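Close look at the chain arrangement
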Amino acid sequence: MASVDAETPLYPGTWGRERPDHAAQILARTGEVLTYRELDQRSNQHAHLFRRLGLSRGDHIALFMENHPRYFVLVWAPLPSRLYYTP
């Protein structure tokens, strides 16, 4: 997995600062929008949870879930902590 940090344009925090109100995700069925600001905030909440659970740099998580809007939040959450994930 490529390294992504807060200075990388791929990191949602970068988009959250530059274009916070732009859509990061639009649900086709409902039209519900998740902005980059919301994506960044929710991902950070999960990143803090991972740390509280004792995960640290280089640890691995697995994501096993149905097709769900929260998927992208959970994919971005481990990146600032340098965790690896497997979908």
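Residues numbered from 1 in each chain as written. Predicted model: local features only at pLDDT ≥ 70, side-chain atom pairs only at ≥ 80, totals over all residues. Heavy atoms only, no water.

1. Examining the overall build of the protein chain
Of the regular secondary structure elements, the protein chain holds three helices and four strands. Going from the N terminus to the C terminus, the protein chain shows its helices and strands as α-β-β-α-β-α-β. The proportion of buried residues among the 87 residues of the protein chain is 33%. The long-range fraction of contacts in the protein chain, counting pairs at least 24 apart against all pairs at least 6 apart in sequence, stands at 55%. Accessible surface, the protein chain: about 6,000 Å² in total, of which carbon and sulfur atoms supply 52%. (Helix = DSSP H or I, 4+ residues; strand = E, 2+ residues; numbered from the N terminus. Buried < 20%, exposed > 50% of the residue type's maximum accessible area, 1.4 Å probe, protein only. Contact = heavy atoms within 4.5 Å. Areas by Shrake-Rupley, 256 points an atom, 1.4 Å probe, with all protein chains shown as cover.)

2. Describing the pairing of strand E1 (residues 23–26)
The sheet contact formed by E1 and strand E2 (residues 33–35) spans three bridges and is antiparallel. Paired with Ile26 across the bridge in E2 is Val33. Remark: six residues form the turn of the hairpin made by E1 and E2, two consecutive strands paired antiparallel; Gly31 in that turn has positive phi of roughly 80°. (Pairing = 2+ DSSP bridges.)

3. A look at helix H2 (residues 36–52)
With 17 residues, H2 ought to run about 24 Å at 1.5 Å a step, and its terminal C-alpha atoms sit 24 Å apart, in line with that. Listed as buried for H2 are Tyr36, Leu39, Asp40, Ser43, Ala47 and Phe50. Burial along H2 is one-sided: seen end-on, the buried residues are contained in an arc of 90°. Away from its buried face, by an angle of more than 90 degrees, H2 presents the exposed residues Gln45 and Arg52. (Expected span 1.5 Å × (residues − 1). Arc of directions from axis to C-beta.)

4. Observations regarding the nonpolar core
Membership of the largest hydrophobic core is limited to seven residues, which are Phe50, Ile61, Leu63, Leu74, Val75, Ala77 and Leu83. Every residue in contact with Leu74, bar those within four places of it in the chain, is listed here: His46, Leu63 and Met65. Counting residues in hydrophobic clusters, the runner-up holds six residues, among them Tyr36, Leu39, Trp76 and Leu79. (Core = buried A, V, L, I, M, F, W, Y, C linked by side-chain atoms within 4.5 Å.)

5. Overview of the pattern of salt bridges
Applying the stated criterion across every chain yields a total of one salt bridge. Between Arg37 and Asp21 there is a salt bridge, and its shortest N-O distance comes to 2.7 Å. Of this pair, Arg37 sits in helix H2 while Asp21 is found in the loop between helix H1 (12–18) and E1, placing the two residues 16 residues apart along the sequence. Overall, Arg37 belongs to the partly exposed group, its relative accessible area being 35%. (Salt bridge = Lys/Arg side-chain N within 4 Å of Asp/Glu carboxyl O.)

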